[in-house]
Amino acid sequence: MKTLMRVKQVNLISIDQYIYESIKMNGAYIQGIYKSTIHLSFNDIIITLGYHIGRGKHHILIDEPLEFNLMDIKINTKVEIINHQLIMGNLVVNIRDQFLNSFYPYQQIYQMTIEHQEVIENLKIIMIKNHPCNLFSYDHQDYILDYQFKRINRFLIEPNLENAQSILGLGVGLTPLGDDVLTGYILGKNTVGKSIEWIKDLLTDIKQKTNKLSAQNIEDTHTRYYPDIFIDMIESIFIEYRIDKAMLVLNLGSTSGAGILTGFIYGLI
(Lines give C-alpha, C1' and ligand atoms only; values in the text may rest on other atoms or scores of the structure.)
Protein backbone atom coordinates (compact mmCIF):
# COMPACT_ATOMS: atom_id res chain seq x y z
CA MET A 1 0.00 0.00 0.00
CA LYS A 2 1.32 3.44 -0.91
CA THR A 3 1.84 5.94 1.88
CA LEU A 4 0.16 9.31 1.33
CA MET A 5 2.57 12.19 1.72
CA ARG A 6 2.46 15.94 1.78
CA VAL A 7 3.73 17.81 -1.24
CA LYS A 8 7.43 17.09 -1.67
CA GLN A 9 9.60 19.72 -3.33
CA VAL A 10 13.01 19.02 -4.85
CA ASN A 11 15.27 21.02 -7.14
CA LEU A 12 16.22 20.39 -10.74
CA ILE A 13 19.85 19.65 -11.60
CA SER A 14 19.50 19.10 -15.35
CA ILE A 15 16.88 18.95 -18.10
CA ASP A 16 17.26 19.22 -21.87
CA GLN A 17 15.98 22.54 -23.24
CA TYR A 18 13.88 20.84 -25.94
CA ILE A 19 12.35 18.43 -23.42
CA TYR A 20 11.57 21.31 -21.09
CA GLU A 21 9.85 23.35 -23.82
CA SER A 22 7.90 20.32 -25.03
CA ILE A 23 6.55 19.45 -21.60
CA LYS A 24 5.81 23.11 -20.88
CA MET A 25 3.79 23.39 -24.08
CA ASN A 26 2.02 20.03 -24.26
CA GLY A 27 2.58 18.29 -20.95
CA ALA A 28 3.59 14.66 -20.50
CA TYR A 29 2.18 11.57 -18.81
CA ILE A 30 3.56 9.25 -16.17
CA GLN A 31 4.49 6.00 -17.91
CA GLY A 32 6.03 4.08 -15.01
CA ILE A 33 6.75 4.49 -11.30
CA TYR A 34 9.66 2.67 -9.66
CA LYS A 35 11.61 2.90 -6.43
CA SER A 36 14.30 5.30 -7.63
CA THR A 37 13.00 6.59 -10.98
CA ILE A 38 9.86 7.79 -12.74
CA HIS A 39 9.32 7.44 -16.47
CA LEU A 40 7.42 10.14 -18.33
CA SER A 41 6.20 9.88 -21.91
CA PHE A 42 5.22 12.26 -24.68
CA ASN A 43 5.33 11.96 -28.46
CA ASP A 44 6.54 8.34 -28.06
CA ILE A 45 9.58 9.56 -26.10
CA ILE A 46 10.43 8.17 -22.67
CA ILE A 47 12.00 10.53 -20.11
CA THR A 48 13.64 9.15 -16.97
CA LEU A 49 13.46 11.32 -13.84
CA GLY A 50 15.62 10.51 -10.84
CA TYR A 51 18.62 11.35 -8.68
CA HIS A 52 21.53 9.06 -9.54
CA ILE A 53 20.95 8.77 -13.30
CA GLY A 54 23.40 11.31 -14.73
CA ARG A 55 22.74 14.11 -17.17
CA GLY A 56 21.43 13.19 -20.60
CA LYS A 57 19.12 14.12 -23.46
CA HIS A 58 16.24 12.09 -22.03
CA HIS A 59 17.06 12.42 -18.33
CA ILE A 60 15.60 14.81 -15.76
CA LEU A 61 18.07 14.95 -12.89
CA ILE A 62 16.97 16.05 -9.40
CA ASP A 63 19.02 16.93 -6.34
CA GLU A 64 18.01 14.20 -3.87
CA PRO A 65 17.02 10.53 -3.89
CA LEU A 66 13.33 9.67 -3.46
CA GLU A 67 11.31 6.49 -3.19
CA PHE A 68 8.79 7.30 -5.88
CA ASN A 69 6.76 4.13 -5.36
CA LEU A 70 5.81 5.39 -1.88
CA MET A 71 4.58 8.75 -3.11
CA ASP A 72 1.06 9.81 -4.08
CA ILE A 73 1.77 9.56 -7.81
CA LYS A 74 -0.25 7.51 -10.26
CA ILE A 75 0.38 6.06 -13.71
CA ASN A 76 -1.11 8.11 -16.60
CA THR A 77 -1.24 11.27 -14.47
CA LYS A 78 -0.60 14.35 -16.58
CA VAL A 79 2.67 16.14 -15.85
CA GLU A 80 2.83 19.90 -16.37
CA ILE A 81 5.31 22.73 -16.04
CA ILE A 82 3.71 25.77 -14.43
CA ASN A 83 5.55 28.81 -13.06
CA HIS A 84 8.96 27.11 -13.31
CA GLN A 85 7.75 24.01 -11.51
CA LEU A 86 7.38 20.47 -12.87
CA ILE A 87 4.27 19.12 -11.15
CA MET A 88 3.29 15.44 -10.85
CA GLY A 89 0.98 14.31 -8.09
CA ASN A 90 2.46 15.40 -4.74
CA LEU A 91 5.93 15.89 -6.22
CA VAL A 92 7.06 19.35 -7.33
CA VAL A 93 10.41 19.91 -9.05
CA ASN A 94 11.63 23.51 -8.90
CA ILE A 95 13.28 24.62 -12.13
CA ARG A 96 15.86 27.35 -12.56
CA ASP A 97 16.93 28.54 -15.99
CA GLN A 98 20.63 27.87 -15.39
CA PHE A 99 19.91 24.14 -15.24
CA LEU A 100 18.39 24.00 -18.73
CA ASN A 101 20.89 22.25 -21.00
CA SER A 102 21.21 21.44 -24.67
CA PHE A 103 22.50 17.95 -25.39
CA TYR A 104 24.15 17.03 -28.68
CA PRO A 105 25.46 13.77 -30.15
CA TYR A 106 28.92 12.83 -28.90
CA GLN A 107 30.99 12.71 -32.07
CA GLN A 108 34.50 12.01 -30.77
CA ILE A 109 36.11 8.88 -32.25
CA TYR A 110 39.12 7.15 -30.74
CA GLN A 111 41.71 4.70 -32.00
CA MET A 112 42.45 1.50 -30.09
CA THR A 113 46.10 1.09 -29.13
CA ILE A 114 47.96 -1.67 -27.32
CA GLU A 115 47.73 0.42 -24.16
CA HIS A 116 43.93 0.66 -24.52
CA GLN A 117 43.72 -3.09 -25.05
CA GLU A 118 45.55 -3.57 -21.76
CA VAL A 119 43.09 -1.26 -20.02
CA ILE A 120 40.16 -3.25 -21.43
CA GLU A 121 41.71 -6.54 -20.32
CA ASN A 122 42.07 -5.09 -16.84
CA LEU A 123 38.41 -4.06 -16.95
CA LYS A 124 37.41 -7.66 -17.70
CA ILE A 125 39.43 -8.88 -14.72
CA ILE A 126 37.79 -6.32 -12.44
CA MET A 127 34.34 -7.35 -13.69
CA ILE A 128 35.03 -11.00 -12.89
CA LYS A 129 36.26 -10.14 -9.40
CA ASN A 130 33.63 -7.55 -8.49
CA HIS A 131 30.40 -8.53 -10.21
CA PRO A 132 28.53 -11.77 -9.42
CA CYS A 133 26.70 -12.11 -12.72
CA ASN A 134 28.31 -11.36 -16.07
CA LEU A 135 29.26 -13.23 -19.23
CA PHE A 136 32.74 -13.97 -17.93
CA SER A 137 31.58 -15.25 -14.53
CA TYR A 138 28.11 -16.52 -13.64
CA ASP A 139 26.35 -19.53 -12.13
CA HIS A 140 26.22 -22.05 -14.97
CA GLN A 141 23.83 -24.19 -12.92
CA ASP A 142 21.19 -21.46 -13.22
CA TYR A 143 19.25 -22.64 -16.27
CA ILE A 144 17.78 -19.24 -17.14
CA LEU A 145 21.10 -17.39 -16.86
CA ASP A 146 22.90 -20.09 -18.79
CA TYR A 147 20.34 -19.89 -21.60
CA GLN A 148 20.59 -16.10 -21.78
CA PHE A 149 24.36 -15.93 -21.70
CA LYS A 150 24.73 -18.65 -24.32
CA ARG A 151 22.58 -16.63 -26.73
CA ILE A 152 24.49 -13.47 -25.85
CA ASN A 153 27.81 -15.24 -26.38
CA ARG A 154 26.62 -16.47 -29.78
CA PHE A 155 25.88 -12.87 -30.77
CA LEU A 156 29.23 -11.56 -29.52
CA ILE A 157 31.13 -14.27 -31.38
CA GLU A 158 29.12 -13.74 -34.57
CA PRO A 159 27.47 -10.30 -34.39
CA ASN A 160 25.04 -10.48 -37.30
CA LEU A 161 21.40 -9.36 -37.60
CA GLU A 162 19.92 -12.76 -36.79
CA ASN A 163 21.94 -13.14 -33.60
CA ALA A 164 21.26 -9.52 -32.60
CA GLN A 165 17.53 -10.06 -33.04
CA SER A 166 17.75 -13.22 -30.94
CA ILE A 167 18.86 -11.24 -27.86
CA LEU A 168 16.57 -8.24 -28.38
CA GLY A 169 14.27 -8.16 -25.36
CA LEU A 170 16.09 -11.13 -23.78
CA GLY A 171 15.81 -11.03 -20.00
CA VAL A 172 13.70 -9.24 -17.42
CA GLY A 173 13.74 -5.80 -15.82
CA LEU A 174 13.46 -2.24 -17.04
CA THR A 175 16.18 -2.92 -19.59
CA PRO A 176 16.53 -6.62 -20.50
CA LEU A 177 20.05 -8.05 -20.37
CA GLY A 178 20.20 -8.70 -24.11
CA ASP A 179 19.31 -5.07 -24.80
CA ASP A 180 22.00 -3.86 -22.42
CA VAL A 181 24.58 -5.92 -24.30
CA LEU A 182 23.36 -4.46 -27.61
CA THR A 183 23.55 -0.94 -26.17
CA GLY A 184 27.13 -1.51 -25.05
CA TYR A 185 28.09 -3.13 -28.35
CA ILE A 186 26.75 -0.16 -30.34
CA LEU A 187 28.53 2.21 -27.93
CA GLY A 188 31.82 0.39 -28.49
CA LYS A 189 31.52 0.44 -32.28
CA ASN A 190 30.64 4.14 -32.24
CA THR A 191 33.61 4.89 -30.00
CA VAL A 192 36.15 3.49 -32.47
CA GLY A 193 34.27 4.68 -35.57
CA LYS A 194 33.20 1.27 -36.87
CA SER A 195 29.83 0.91 -38.60
CA ILE A 196 27.32 -1.88 -38.02
CA GLU A 197 25.90 -2.91 -41.36
CA TRP A 198 22.70 -4.41 -39.91
CA ILE A 199 21.87 -1.67 -37.42
CA LYS A 200 19.05 -0.05 -39.43
CA ASP A 201 17.31 -3.39 -39.81
CA LEU A 202 17.61 -3.98 -36.06
CA LEU A 203 16.18 -0.56 -35.26
CA THR A 204 13.02 -1.36 -37.22
CA ASP A 205 12.37 -4.26 -34.81
CA ILE A 206 13.11 -2.81 -31.42
CA LYS A 207 9.74 -1.25 -30.58
CA GLN A 208 7.96 -4.50 -31.32
CA LYS A 209 10.42 -6.76 -29.50
CA THR A 210 11.32 -4.87 -26.33
CA ASN A 211 9.93 -2.20 -24.01
CA LYS A 212 9.89 1.51 -24.80
CA LEU A 213 12.64 2.51 -22.39
CA SER A 214 15.05 -0.15 -23.60
CA ALA A 215 14.25 0.61 -27.25
CA GLN A 216 14.97 4.28 -26.68
CA ASN A 217 18.28 3.50 -24.94
CA ILE A 218 19.37 1.55 -28.02
CA GLU A 219 18.23 4.32 -30.38
CA ASP A 220 19.88 7.03 -28.27
CA THR A 221 23.14 5.11 -28.26
CA HIS A 222 22.99 4.62 -32.04
CA THR A 223 22.47 8.37 -32.55
CA ARG A 224 25.24 9.11 -29.99
CA TYR A 225 22.99 10.82 -27.43
CA TYR A 226 24.95 9.36 -24.53
CA PRO A 227 24.28 10.11 -20.87
CA ASP A 228 27.30 11.67 -19.21
CA ILE A 229 28.13 8.43 -17.39
CA PHE A 230 28.95 6.87 -20.81
CA ILE A 231 30.97 9.88 -21.94
CA ASP A 232 32.95 9.92 -18.70
CA MET A 233 33.73 6.22 -19.11
CA ILE A 234 34.88 6.58 -22.72
CA GLU A 235 37.11 9.55 -21.98
CA SER A 236 38.60 8.01 -18.86
CA ILE A 237 39.57 4.89 -20.82
CA PHE A 238 40.79 6.51 -24.04
CA ILE A 239 42.35 9.70 -22.66
CA GLU A 240 43.44 8.79 -19.13
CA TYR A 241 43.84 4.99 -19.50
CA ARG A 242 41.70 4.54 -16.37
CA ILE A 243 38.72 2.31 -15.56
CA ASP A 244 37.32 4.02 -12.47
CA LYS A 245 34.49 5.65 -14.44
CA ALA A 246 33.70 2.29 -16.04
CA MET A 247 33.08 0.97 -12.53
CA LEU A 248 30.23 3.46 -12.17
CA VAL A 249 28.63 1.92 -15.27
CA LEU A 250 29.20 -1.57 -13.85
CA ASN A 251 27.10 -0.65 -10.81
CA LEU A 252 24.01 0.20 -12.90
CA GLY A 253 21.15 -2.14 -11.94
CA SER A 254 21.72 -5.79 -11.06
CA THR A 255 22.97 -6.89 -14.49
CA SER A 256 22.52 -3.81 -16.69
CA GLY A 257 25.96 -2.33 -16.08
CA ALA A 258 27.73 -5.64 -16.63
CA GLY A 259 25.73 -6.21 -19.81
CA ILE A 260 26.59 -2.76 -21.15
CA LEU A 261 30.29 -3.17 -20.36
CA THR A 262 30.39 -6.64 -21.93
CA GLY A 263 28.88 -5.34 -25.16
CA PHE A 264 31.16 -2.31 -25.06
CA ILE A 265 34.30 -4.47 -24.73
CA TYR A 266 33.33 -6.63 -27.70
CA GLY A 267 32.24 -3.59 -29.73
CA LEU A 268 35.71 -2.09 -29.44
CA ILE A 269 37.29 -5.13 -31.07
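What you see as residue numbers is a count from 1 along each chain, following the sequence as written. Only residues with pLDDT of at least 70 are given local features in this predicted model, and only at 80 or more are side-chain atom pairs given and counted; all residues enter the totals for whole chains, interfaces and linings. Hydrogens and waters are ignored; side-chain quantities use all the structure's heavy atoms.

## With respect to the overall build of the protein chain
Moving on, step 1. Working definition: helices are DSSP H or I runs of at least four residues, strands are E runs of at least two. Numbering for both runs from the N terminus. Along the protein chain, the regular secondary structure elements total eleven helices and nine strands.
Moving on, step 2. Between the two quantities, the radius of gyration covers C-alpha atoms and the globule rule is 2.2 Å times the number of residues to the power 0.38. On C-alpha atoms alone, the protein chain measures out to a radius of gyration of 19 Å, which is about the 18 Å that the 2.2 N^0.38 rule sets for 269 residues.
Moving on, step 3. Along the three orthogonal principal directions, the C-alpha set of the protein chain runs to about 55 × 40 × 35 Å.
Moving on, step 4. The burial tally for the protein chain puts 51% of its 269 residues in the buried class.
Moving on, step 5. Contacts are assigned to residue pairs with any non-hydrogen atoms lying within 4.5 Å of each other. Long-range pairs, those at least 24 residues apart, make up 65% of the contacts in the protein chain between residues at least 6 apart in sequence.
Moving on, step 6. Areas reported as accessible are Shrake-Rupley estimates using a 1.4 Å probe. Residue values count occlusion only from the protein chains shown. Element-wise, carbon and sulfur atoms account for 51% of the exposed surface of the protein chain, whose accessible area totals about 13500 Å².
Moving on, step 7. Treating the 24 positive side-chain charges of the protein chain as one cloud and the 29 negative ones as another, the clouds have centres 4 Å apart. Partly exposed residues are those whose accessible area sits between 20% and 50% of the maximum for their type, while under 20% is buried and over 50% is exposed, using a 1.4 Å probe and protein chains only. Asp and Glu are treated as the negative residues and Lys and Arg as the positive ones, with His and the ends of the chain left uncounted. For the purpose of locating charges, the reference atoms are NZ of Lys, CZ of Arg, CG of Asp and CD of Glu.

## Some thoughts on the nonpolar core
Moving on, step 1. Buried Ala, Val, Leu, Ile, Met, Phe, Trp, Tyr and Cys residues form a nonpolar core when they are joined through side-chain atoms within 4.5 Å. Counting 29 residues, the largest nonpolar core has Leu-40, Ile-60, Phe-68, Leu-86, Met-88 and Leu-91 as the members making the most contacts within it.
Moving on, step 2. The contacts of Leu-40, once residues within four sequence positions are left out, are Ala-28, Tyr-29, Ile-30, Gln-31, Ile-45, Ile-46, Ile-47, Ile-60, Val-79 and Met-88.
Moving on, step 3. In this structure, Tyr-110, Ile-120, Ile-243 and Leu-261 belong to the second largest nonpolar core, which totals 27 residues.

## Observations regarding the environment of Met-112
Moving on, step 1. Topologically, Met-112 is positioned in the loop between strand 9 (100-101) and helix 2 (114-130).
Moving on, step 2. For the pair Met-112 and Phe-238, spaced 126 residues apart in the sequence, the C-alpha separation amounts to 8.0 Å.
Moving on, step 3. For Met-112, the contacting residues outside a window of four places in its chain are Gln-117, Ile-120, Val-192, Phe-238 and Leu-268.

## Some words on the pairing of strand 2 (residues 28-33)
Moving on, step 1. Two strands are said to pair when DSSP picks up at least two bridges between them. Note: strand 2 against strand 6 (residues 78-82), two bridges, orientation antiparallel. Paired with Ala-28 across the strands is Val-79, a residue of strand 6.
Moving on, step 2. Bridging between strand 2 and strand 3 (residues 37-42) involves four bridges; their strand directions are antiparallel. Counted as the bridge partner of Gly-32 is His-39 from strand 3.
Moving on, step 3. Connecting strand 2 to the antiparallel partner strand 3 that follows it, the hairpin turn spans three residues.

## With respect to helix 5 (residues 177-191)
Moving on, step 1. Multiply 1.5 Å by the residue count of a helix minus one, and that product is the helix's expected span. The end-to-end C-alpha separation of helix 5 is 21 Å, in line with the 21 Å expected for 15 residues at 1.5 Å each.
Moving on, step 2. Across the 15 residues of helix 5, 15 count as buried, placing the element largely inside the fold.
Moving on, step 3. Backbone geometry just after helix 5 places Gly-193 at a positive phi near 70 degrees.

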